[in-house]
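Spelled out, the chains give:
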Amino acid sequence: MSGMPELPAEDVRRFAQIREDFTRMMLGYRFGMEQVATRLEILREEFAELHLDNPIEHISTRVKSPESIIEKAGRQGVELEIEALREHITDIAGVRVICSFVADVYRLVDSLTAQADITVRVVKDYIANPKPNGYRSLHVILEIPVFLSSGPVQVPVEVQFRTVAMDFWASTEHKIFYKYEGDVPPHLRQRITDAAVTAARMDEEMAELHRAVHGTD
Ligand code: 0O2
């Protein structure tokens, strides 16, 4: 194009390579996330067919946008290199699993993480140990192999397991947090934490009811 200085061929090649590597990385995350979701769907169907119960209410997936990967890497001082991102930004691929009961959460986590080719990197059990604001969920960062034409890659996927009550609380809290841009007034903060206690009580009560009707968790 007239008036535009041409880039040296070496730079053009380098940028093309960066673009290809990034595209391959993002595809790997999408495939890893889809594999985890498929395995959870298989468990859901198996439980539904053989045990006559359905431990999963809903599964959702998302891959972080390039903008928020770059923003998080900047915030955490992580280099914009594929290997550094893979090592330190562990929630690029995310799966959220909503269960009816707390017991289903643990049953599913055990079944998924027992699979031979899945490696568990980190488990954060905010159900056993809720965050100070009351947040409850069980997070597992796992790695699953994805076979691309260039060879296998181990893809980290963050899986968040929670009950319907925990999810209702988390999405409401998230909206309030964003409305106040993180600076939630103290009286609301207390009510949010109290609501988390109510949600936990609701989980217990529902499990009691379920036991009373079906005899087991
Ligand atoms: P998004 O858009 O949901 O992905 P880090 O992930 O390293 O920044 P941390 O605290 O080490 O932070 O990780 P942790 O505790 O595993 O939490 C990560 C994710 O859990 C968050 O992702 C939320 O999805 C969820 N989460 C954690 N704490 C809260 C909370 O207090 N309220 C709500 N509503 N969700 C929470 P992101 O990156 O914040 O957002």
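Being a predicted model, the structure only gives us computed values, none of them experimental. (Residues numbered from 1 in each chain as written. Predicted model: local features only at pLDDT ≥ 70, side-chain atom pairs only at ≥ 80, totals over all residues. Heavy atoms only, no water.)

## Considerations on helix α6 (residues 186–214)
Between the first and last C-alpha of α6 there are 42 Å, a value that for 29 residues agrees with the 42 Å anticipated at 1.5 Å per step. Of the positions making up α6, those classed as buried are L188, I192, A196, A199, A200, D203, A207 and H210. If you follow the buried residues of α6, they end up packed against α4 (102–113), β5 (151–163) and α5 (164–179). Positive phi shows up at G215, right after α6, with a value of about 85 degrees. (Helix = DSSP H or I, 4+ residues; strand = E, 2+ residues; numbered from the N terminus. Expected span 1.5 Å × (residues − 1). Buried < 20%, exposed > 50% of the residue type's maximum accessible area, 1.4 Å probe, protein only. Contact = heavy atoms within 4.5 Å.)

## Quick look at a nonpolar patch on the surface
Together, L7, V12, F15 and I18 line one region of the surface with nonpolar side chains, adding up to about 380 Å² of accessible area. Among the structural elements, L7 can be located in the segment before α1 (9–50). (Patch = residues over 30% accessible without salt bridge, like charges linked within 9 Å, V, L, I, M, F, W, Y side chains within 5 Å. Areas by Shrake-Rupley, 256 points an atom, 1.4 Å probe, with all protein chains shown as cover. Salt bridge = Lys/Arg side-chain N within 4 Å of Asp/Glu carboxyl O.)

## Considerations on empty space enclosed by the protein
Tallied over the full model, the rule gives one cavity of 30 Å³ or more. Within this model, the largest cavity holds a volume of roughly 30 Å³. Those elements that place two or more of their residues in the lining of the largest cavity are α5 and α6. Taken together, the residues that form the lining of the largest cavity break down as four nonpolar, one polar and one charged. (1 Å grid on protein atoms, 1.4 Å probe; cavity = no way out; pocket = protein on both sides within 12 Å on 5 of 7 lines; lining within 4 Å. Points joined across faces, edges and corners; volume = space filled by probe spheres on them. Nonpolar A, V, L, I, M, F, W, Y, C, P; charged D, E, K, R; others polar.)

## A look at the confidence of the model for the chain
Confidence in the prediction for the chain averages 92 pLDDT; 97% of positions are at 70 or higher. Within the chain, the lowest mean pLDDT, 88, falls on helix α3 (residues 82–88), and the highest, 98, falls on strand β2 (residues 93–99). (pLDDT = per-residue confidence, 0-100.)

## Some points on the pairing of β5
Taking burial as the measure, the 13 residues of β5 include ten buried ones, the bulk of the element. In terms of strand pairing, strand β4 (residues 138–148) meets β5 through eleven bridges, oriented antiparallel. Looking across to β5, one finds that H139 is bridged to Q160. Hairpin connection, β4 to β5: the antiparallel pair is bridged by two residues. (Pairing = 2+ DSSP bridges.)

## Regarding the site of the ligand
With respect to spatial proximity, 17 residues lie near the ligand, and among them R62, Y126, N133, H139 and E173 are the closest. In the model, an oxygen atom of the ligand is placed 3.1 Å from a nitrogen or oxygen of the Q160 side chain. Calculation on the ligand without its partners gives an accessible area of 740 Å², and the protein chains cover 66% of this total. Structurally, the ligand is housed in the largest pocket. The set of elements that each furnish at least two residues to the shell around the ligand consists of α2 (66–76), β5 and α5. For the shell around the ligand, the leading source of residues is α5, giving three residues. Its residues placed into classes, the shell around the ligand shows three nonpolar, five polar and nine charged. (Near = heavy atom within 4 Å. Polar contact = N/O pair within 3.5 Å; in protein donor to acceptor, adjacent residues only side chain to side chain. Sits in = over half its atoms within 2 Å of the grid points.)

## Quick notes on the environment of Y29
Within the fold, Y29 resides in helix α1. Look at Y29 and you get buried, because its relative accessible area is 0%. Once the C-alpha coordinates of Y29 and I144 are considered, the two residues, 115 residues apart in sequence, prove to be 9.8 Å apart. Discounting chain neighbours no more than four positions away, the residues touching Y29 are L85, R86, I89, I92, A93, V155 and P156.

## Observations concerning the packing of aromatic side chains
For the structure on display, the rule yields three aromatic pairs. Between Y135 and W169, the ring centres sit 6.4 Å apart and the planes meet at 50 degrees, which makes this aromatic pair tilted. Placement of Y135 in the loop between β3 (119–125) and β4 and of W169 in helix α5 is noted, with a sequence separation of 34 residues between them. By the burial criterion, Y135 is buried, and W169 matches it. Ring centres of F177 and Y178 lie 6.0 Å apart, and the angle between their planes is 70 degrees; this geometry places the pair in the edge-to-face category. For Y178, a relative accessible area of 55% translates into the label exposed. Following the ring pairs from residue to residue traces out a cluster consisting of Y126, Y135 and W169. Between the NZ or CZ atom of R14 and the centre of the ring of F15, over which it lies, the distance is 5.3 Å. In this structure, R107 is placed above the aromatic ring of F47, and the distance from its NZ or CZ to the ring centre is 4.6 Å. (Phe/Tyr/Trp six-rings, centres within 6.5 Å; stacked < 30°, edge-to-face > 60°. Lys NZ or Arg CZ within 6 Å of the ring centre and 35° of its normal.)

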